[in-house]
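# Structure at a glance
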Amino acid sequence: MRSFIFLTLFIGVARISAAEFDQGFTQGRTYPAEVGDTDAEIWCRATHNIESGMCQMTMPDMVVLDLDLKTGSVSSGGVVSEEFSARTDESGRMCALDIKTVDQSHLGQWRCDIAQETHMSEFGYISLLNNEMGFVRDVRLPRHVIPEVYNLTLIPFIVEDNYTIKGEVKLTGYIQETELNNCDYKCITLHTRDTYINEETLQVGLDEFSPYKIESVGYDIDRDFVIIMLEEPMLQDSFYLHMDFVSQLQDNLAGFYRSSYVDRINNVTKNIGTTQFESTDARRAFPCLDEPDMKAVFNTRLGRRRDMITLSNMESLAGEVIDDEYLLDIYEPSVKMSTYLLAFIVCEFGSVYDEGHENFKIWSQEDRVPELGYAAKIGPQVIQFYEDLFDYKFPLNKMDMAAIPDFQSGAMENWGLITYRDTAILYDEVNYALKSKERVATVVAHELAHQWFGDLVTMKWWNDLWLNEGFASYIEYLGADYVEPDMRLKERTVNFDMQDVFYLDALPSSHPISVNIENPVYQENFDRISYGKGAILIRMMSNFLTPDTFHQGLANYFKEHAYSNAEQDDLWTSLGDQAHVDGVLPQEVTAKQIMDTWTLQKGYPVIKVVHNKAEGTFELSQTKFNLESGSEDKEEFSWWVPITYASTKEDMMDSSVDYWLNTESASIPAPSNMEDDLFIFNTGAMGYYRVNYEDSVWKQITEVFPSLPVLSRSQILDDAMNLARAGQLSYDIALDLTKSLIDEDDIMVVYTFDKRIEFLDNMVNADDRYESLRTYIREGVQGLYNKVIENDSSDFIPTLLKTVVLPLACSYGNQDCIDSAKELFAAWRSADADYETAVDPNIKAWAYCYGIRYGSAEDWDLAWSRLQQTSQILERDSIISALGCTEDPELLTKYLQLSVDPTSVIRTQNKRYLYLAIGSSKQGSDLMLDWLEANWEDIKEFYGDTFVYNVANMVAKYPDHANTQEEFDRMNNFYTTHKGELGSSADPVKQGLDKISANVKWRQNFYEQVLEWFVANTQ
């Protein structure tokens, strides 16, 4: 009963209002601080009143400053300095240094020391940074403290004006000998953020009964450290640590945060507590060693009101009564796992499961439970598929998945408790589009793949994030294809991932897939390179190793590294060893040799093929493909390229490797009796490379193009259009391939065509000759348009094709298409209570967008009004995007202002779609950048922690429409001005600059040629 007595007191202490919440020791500084700036400051604020009225600041160059907080004087070595002045606050807790003029010696890390007699002495590290420095980079924990077991109690108070969490953590582990120890074993360093640690409860010892004496407690705001300094070194043995703390249940979508929803059954607003810890936000919930290789076992206890439930990674074992209002749920010990995979939910959710799978539950707010059936059905099937595929049973005895009302990402793979954005898990056949069903299938398959890739075996550090995300992004297509084979997902990954990433990976700002991450808070690599390129490289590897060898190698990898951490070399060893056993790689060639060339350098090659019929050879050469015409690389690039090829008279889906090209060039034998055949390289589009041919071969390809397999057609079209964009192929040849569009009806090829034409449209749509491009596309897609409107099939692929063709036809002036959209919008407009069902869910987005585009301000206002009312998720999302389709600049400005209105019903997680919709037009992207710069500080204050995420979405589309030096200069000035504040969005902005630079060069080289081709082909 000892814990029961403690908890009764514990909970009473926690009931404090948000206004009274005391952050304890806090720090602050002027940011950014540039040399020459006046009146910069740096300060720390102690937990208690500074008893002596004195404190110290140590400068980056180790000069010690003594601050007299009573007189305001600052001295060094007894000499008063005129450079600085000191001050405190009304509470007498602040030690503040005012810097009259910033010079170079002031930039870097400072230390603040506050010695106390009757309380714990405290110190803090904080860095004064300029815009160029941006952020601190050396943020890794010392390696002498290794956690083993956390005993964690958290009681969230989900009460208005009292959103706090009272916590207790007891941590045991061991001390290991290591050179990565910066305190001579006299400290324990943990991560913490936005948490008040009750220093009076701190205890460190060999065990609970053998304490060490604590000398002081320090905090490092830039590294999120709390540093407990001891008077003597710890023995290299076990350790015990205890502390109580209070943190805030914020609404920032990070850490342990609160979310809300309207319960439509009872028409009341309800709040929940939920978590999002990846990458670095477990430390917001409780002090911990928050790095992926610091795995431990978690014994979790969660408090709740009696009318709520709790969920966590493991199964609930029992409960305890805290008082008349609160209970405590006790969970079974977890498997050994990383902090970022821990999860908690405190809620009033309901659940559903598929018959026979009681241990696989899907949770949501009660009124959404009927929309969980599809996820409940496919989830257990995917788990079983993966168990067979990996030859490794799912390690836990239950799985919960939950739809969270406010959720920044698509989903999060917390081990045994996966959390989802609503659109990624909710579906029914009445209110959702088939595209929604595809999204649920792929996201569920992705997150379940993570239960092995990432959870069971975890990367050691964030530089190998791609081991998690790349693998899950590839395996998701296998899992989703298993439950939905009609969606053709294993083929369409060429559209989703390869063609998408080819563009980004050909820019100077691209990066290796395994990239050095110094500070994961500011250098997030959750980007298309990690996900998309990772998926395509794994797909390529599975192909050249053969699926059987690949899957057995993975099984070996899981058995070797289960419940531990791994680097990419560990994976190469498992796969390479199996490849040698099976004879699919020569003994002298390793998987590491091959794959290091793809993961440790950025970009990809273009393979030039010359068929030397006289010699009976193919002359092959590889060079790095750069999107910007004429650009040259300062470093040398070379890959191990799996060369595959087939005659158009043979089986063109045979993608077995014919030759490994690992030199700059090579000559390989061509089939001796087939010199008149046409050979296509990169069969099945299995290799992550482009292929360029002689002009005469390209002309042959154009003649037979419609008869080629769909994967070849899609990739050849993408290669040709991008080779022309880079100046490596004539646009006359590339655009000639588009003439077959009149007979094309495959979703993959149409998708590729749509994306490649979009670029040309953006580049030339301000020219008087632009109408020739519009006419060519309009006439070219007319036959396809007729097919899709006449096809009443409800099957997935025909329906998906319709969702691509209708917007394409409308955007190029097909009047019947425009009239049809306007007619559907009019029906929606005139509908009353049943407006949500007035339009087929599969074509809502198209009908609403073109209805708004050609509608009035009253139509826009009606859509906005209905957005406030609707409870249907697809209706909500369709309206959010459609409101950005207007061409009225006043309405676009109004929409931007509404996006930062605190009363707006658009959740923060959905603002992305608002900004991307506005940015889809040149007018909208220009206007939004103006608005962002004019309102920078207000927008920054409004969004808080999610500011940089939303800034990235606001500027994401600007480069797509920009192709002049003036537009480049504008974006560059934006980047230079705000670099220090952009955080993790700095890299996407730099990427945008590369896009504009390539567009400027394209305009100089190909603008006239492209317009002349369209003029000549529409006469």
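Residues numbered from 1 in each chain as written. Predicted model: local features only at pLDDT ≥ 70, side-chain atom pairs only at ≥ 80, totals over all residues. Heavy atoms only, no water.

On to helix α8 (residues 568-582). If you check α8, its first and last C-alpha atoms are 21 Å apart, about what 15 residues at 1.5 Å a residue would give, namely 21 Å. Listed as buried for α8 are Q568, L571, W572, S574, L575, G576, Q578, A579 and H580. In the segment just after α8, G583 is the residue with positive phi, at about 75°. (Helix = DSSP H or I, 4+ residues; strand = E, 2+ residues; numbered from the N terminus. Expected span 1.5 Å × (residues − 1). Buried < 20%, exposed > 50% of the residue type's maximum accessible area, 1.4 Å probe, protein only.)

Summed over all chains, the structure comprises five disulfides. With a sulfur-sulfur separation of 1.8 Å, C44 is cross-linked through a disulfide to C112. Taken together, the residues span a long stretch of sequence, with C44 in strand β2 (residues 38-45) and C112 in strand β9 (residues 108-114) at a distance of 68 residues. Assessed through its relative accessible area of 0%, C44 is described here as buried. Accessibility expressed as a relative area gives 2% for C112, which makes it buried. C183 shares a disulfide with C187; S-S distance 2.1 Å. Linking C183 and C187, the disulfide has an S-S dihedral of approximately -80° and is accordingly described as left-handed. Relative accessible area serves as the criterion here: at 1%, C187 is assigned to the buried category. (Disulfide = S-S within 2.5 Å.)

Residue placement: E278 occurs in the loop between β19 (268-276) and β20 (297-305). Lacking a salt bridge, the buried E278 has R283 as its closest oppositely charged neighbour, with an N-O distance of 12 Å. The contact partners of E278, leaving out residues within four places of it in the chain, are Y340, M412, E413, W462, L465, E469 and F526. (Lys, Arg positive; Asp, Glu negative; His and termini not counted. Salt bridge = Lys/Arg side-chain N within 4 Å of Asp/Glu carboxyl O. Contact = heavy atoms within 4.5 Å.)

Attention shifts here to the sheet that holds strand β28 (residues 411-412). Taking strand neighbours across the sheet as the criterion, the five strands line up as β25-β26-β27-β29-β28 in an open arrangement whose pairing is mixed. Both edges of this open sheet fall to β25 (350-352) and β28, since each of them pairs with a single strand only. Pairing geometry for β28 and strand β29 (residues 417-421), over two bridges, is antiparallel. Directly across from M412, in β29, lies its bridge partner T419. On the sheet, helix α3 (residues 434-450) packs against β26 (360-364), β27 (399-404), β28 and β29 and is oriented at approximately 150° with respect to β29. (Pairing = 2+ DSSP bridges. Axes fitted to C-alpha atoms, helices over the stretch in contact; angles between N-to-C directions.)

Residues W110, Y386, M401, I701 and L760 are the most contacted members of the largest nonpolar core, which totals 337 residues. The element best represented in this core is helix α28 (residues 986-1016), accounting for 12 residues. Grouped together as the second largest cluster of nonpolar side chains are five residues, I155, I322, Y326 and L328 included. (Core = buried A, V, L, I, M, F, W, Y, C linked by side-chain atoms within 4.5 Å.)

In this section: the packing of aromatic side chains. Throughout the structure, instances matching the rule amount to 63 aromatic pairs. With 4.4 Å between their ring centres and 40° between their planes, F502 and Y604 make a pair best called tilted. One end of the pair, F502, is in helix α5 (residues 489-504); the other, Y604, is in the loop between α9 (591-599) and β32 (605-612), and 102 residues separate them in sequence. Grouping residues by exposure puts F502 and Y604 together as buried. In this structure, K624 packs its charged tip against the face of F637, placed 5.4 Å from the ring centre. R853 extends its terminal NZ or CZ atom over the ring of Y850, reaching a point 4.9 Å from the ring centre. (Phe/Tyr/Trp six-rings, centres within 6.5 Å; stacked < 30°, edge-to-face > 60°. Lys NZ or Arg CZ within 6 Å of the ring centre and 35° of its normal.)

With that settled, consider the pattern of salt bridges. Should the charged atoms of two oppositely charged side chains come close, the side chains can pair. In the structure shown here, the tally under the stated rule is 65 salt bridges. A salt bridge links D569 to K592; the nearest nitrogen and oxygen atoms lie 3.2 Å apart. Highlighted residues: D569 in helix α8 and K592 in helix α9, separated in sequence by 23 residues. For D569, a relative accessible area of 32% translates into the label partly exposed. Between R970 and D926 there is a salt bridge, with the nearest N and O atoms lying 4.0 Å from each other.

Right, let's talk about the packing of helix α24 (residues 936-943) against helix α25 (residues 947-955) for a bit. Two elements in contact, α24 and α25, have axes whose closest approach is 8 Å; the angle formed by their N-to-C orientations is 130°. One element, α24, and the other, α25, form an angle in the oblique class. Seen from α24, the contacting residues are W936, I939, K940 and Y943; seen from α25, they are F947, N950, V951 and M954. Partitioning the contact of α24 with α25 into residue classes produces six nonpolar, one polar and one charged. (Parallel < 35°, antiparallel > 145°, perpendicular 65-115°, else oblique. Nonpolar A, V, L, I, M, F, W, Y, C, P; charged D, E, K, R; others polar.)

Take the sheet that holds strand β4 (residues 64-68) next. Across the sheet, nine strands lie side by side as β6-β5-β4-β3-β9-β10-β15-β16-β13; this open sheet has mixed pairing. Two strands bound the open sheet, and with one partner strand each, they are β6 (79-80) and β13 (187-191). Bridge analysis of β9 against strand β10 (residues 121-128) gives seven bridges, and the strand direction is antiparallel. Pairing of W110 across the sheet is with I126, part of β10.

Two elements, strand β1 (residues 26-29) and β2, share four bridges in a ladder whose sense is antiparallel. Each bridged residue has a counterpart across the sheet, and for T26 the counterpart in β2 is R45. In terms of strand pairing, β2 meets strand β8 (residues 94-101) through seven bridges, oriented antiparallel. The residue bridging W43 from the neighbouring strand is A96, located in β8.

Bringing helix α4 (residues 465-483) into the picture now. An ideal rise of 1.5 Å per residue puts 27 Å on 19 residues; α4 measures up with 27 Å between its terminal C-alpha atoms. Considering bend angle alone, the principal kink of α4 is centred on I475 and spans about 25°. Counting buried residues in α4 gives 18 out of 19 residues, a clear majority hidden from the surface. (Bend = angle between axes of the 7 residues up to and from the residue.)

This part is about the environment of G134. By the secondary structure assignment, G134 is in the loop between β10 and β11 (145-157). Distance in space between the C-alpha atoms of G134 and I165 is 32 Å, their sequence separation being 31 residues. Setting aside chain neighbours within four positions, we find G134 in contact with Y31, L129 and G980.

Attention now moves to unusual backbone geometry. A cis geometry characterises the amide bond from Y31 onward to P32, with omega recorded as -10°. Cis rather than trans, the peptide bond between E278 and S279 has omega equal to 5°. Considering the arrangement of structural elements, one finds S279 in the loop between β19 and β20. A positive phi angle, near 55°, is found at N267, a position not held by glycine. Checked against the element boundaries, N267 lands in the loop between β18 (255-263) and β19. Its relative accessible area of 65% is what places N267 among the exposed residues. For Y563, which is not glycine, the phi dihedral falls at a positive 65°. Position of Y563 relative to the elements: it lies in the loop between α7 (547-561) and β31 (564-566).

Only one face of strand β37 (residues 665-669) is buried: it carries A666 and I668, and the other face, with S665, S667 and P669, is open. The pairing of strand β33 (residues 617-624) with β37 spans five bridges and is classified as antiparallel. Bridge pairing in β37 places F618 opposite I668.

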